[in-house]
Amino acid sequence: GSAFISNGYFKAEEIPHPFENISADFLFSQSKVILNAIKGNFAGGTLTGNGNVQLNGFGDIPADLTFELTDASLRIPDGLSTRGSGRFSLSGGWFPYLLRGEYNVESGTYTKSLGDDENQGEVKRSSFLPTQVLKTHFTPLELDLTANFQKGLQVKNNILETEVKGQLTVKGTPSAPSLLGEINATPGGRLFFKDTEFSINNANLKFNNPTENNPLIYSLATARVREWDIQMLTTGTAQKLKIDLSSNPPLSTEKIQGLLIFKMTEDTLQAKTPEQQLTSQNTQGIQIGQAAGAVSGVLTGNLKKETGFDVRLSQSVDDTRNQVLNRLVVQKQWTPSLSTNVSRSISDRVTTNVEIEYKLNKHFSVLGGFE
């Protein structure tokens, strides 16, 4: 016989967009269903298709369907919005069916900030796992989709503001896809590092591992800070990045980092207002404190891990003598309720401060201290 659908609606749990206004024409022949034509709306675009489904029995329902999507506005995956068109096919003998196709992006924007995804880089389940293990989590679809964005995709997040071009293949399930392919940033985009804006000369990401989203990264960016031209070379993977800094005129890596953070080096530190004027002795103290801080930042991380003591170098201002004092600070969380903080100045005038905090509950604490 035959069947017709009008004004239909379908929503898959793992896909944010529903299929709406579905009109379909079916023919039935013994155990075969022929889809003469289907038309509807998906993600604001027009969806058309045809094909057939064979009904052999439970667990054995082969499908062979083809679809064409025109002028859709997709929000897949999270943080990515694109407008484009493509051709797709749905095939397989039982769940999960394979959705394969090619999607050509006319325009788009990626706004998700790096670090928001708690599972970023997580290893995906291998397709070579035993069948029973793979069946423990049901999903109706497996993806094999290729997205072409040669016309450009805008990236605007906490790290980048640039246009990228390339091709990515999305494999796996809609809830946990893996990526394969290559992305290139258009020269002239902006990269933000330690509150300094860099201009991108070259940037490339290669997704070549089907088991995890951990791309190989290469980027070269430059910035002008005061009278220095800073060059930043980034290589490695997303989980293990290596950043090399160089400058012209030449500066050490530590001085370049200070320049990026404070917009000045130790040799050019100076007050911005009359109240902040410092003597040469104070300036020298700041230089020593910053140099020591760079070293202590590397060493004290392991010290805290091994002993529980958080040791760092800090600075305070002695208002009575208008001096900047470098201080050695030692902190310890003895119990969830009890913590201590001891600091000692490093100068010709030695002072020691001790603070003790005892938390009575999450709302109240008892504080004590002496100098």
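As the structure is a prediction and not an experimental result, all values here were calculated from the model.

**Student:** Is there a simple way to think about the overall build of the chain in this case?
**Tutor:** Within the chain, the regular secondary structure consists of three helices and 21 strands. Counting across all 371 residues of the chain, residues that qualify as buried make up 32%. Long-range contacts, defined as pairs at least 24 residues apart, comprise 36% of the intrachain contacts of the chain with a sequence gap of at least 6. Put simply, the chain shows about 22,600 Å² of open surface, and 55% of that area lies on carbon and sulfur atoms.

**Student:** What should I look at first to understand the environment of Val170 in this one?
**Tutor:** Within the secondary structure layout, Val170 lies in strand β10 (residues 160-173). Overall, Val170 belongs to the partly exposed group, its relative accessible area being 22%. A C-alpha to C-alpha distance of 6.7 Å links Val170 and Leu180, two positions ten residues apart in sequence. Once you skip the residues sitting within four places of it in the chain, Val170 turns out to touch Leu143, Asp144, Leu145, Pro177, Ser178 and Leu179.

**Student:** Explain the pairing of strand β8 (residues 141-148) here, please?
**Tutor:** A regular strand places its side chains on the two faces of the sheet in alternate fashion. The element β8 is largely enclosed, with a buried count of seven among its eight residues. Note that β8 and β10 share six bridges and pair antiparallel. Looking at the pairing, Leu145 lines up with Val170 of β10.

**Student:** Quick question: what am I supposed to make of the nonpolar core here?
**Tutor:** Nonpolar side chains in soluble globular proteins tend to be buried together. Counting residues in hydrophobic clusters, the biggest one holds 50 residues, and the most contacted among them are Phe198, Ile230 and Leu260. Of all the elements, strand β5 (residues 63-74) adds the most residues to this core, at six residues. Contact partners of Ile230, with chain neighbours within four places excluded, come to Phe198, Ala221, Thr222, Ala223, Val225, Ser246, Ser247, Ile256, Leu259 and Leu260.

**Student:** For this particular structure, what's the right way to read the side chain of Asn157?
**Tutor:** As for its placement among the helices and strands, Asn157 is situated in the loop between β9 (153-156) and β10. Side-chain polar atoms of Asn157 contact the backbone oxygen of Lys112, separated by 3.2 Å.

Criteria and thresholds
Residues numbered from 1 in each chain as written. Predicted model: local features only at pLDDT ≥ 70, side-chain atom pairs only at ≥ 80, totals over all residues. Heavy atoms only, no water. Helix = DSSP H or I, 4+ residues; strand = E, 2+ residues; numbered from the N terminus. Buried < 20%, exposed > 50% of the residue type's maximum accessible area, 1.4 Å probe, protein only. Contact = heavy atoms within 4.5 Å. Areas by Shrake-Rupley, 256 points an atom, 1.4 Å probe, with all protein chains shown as cover. Pairing = 2+ DSSP bridges. Core = buried A, V, L, I, M, F, W, Y, C linked by side-chain atoms within 4.5 Å. Polar contact = N/O pair within 3.5 Å; in protein donor to acceptor, adjacent residues only side chain to side chain.

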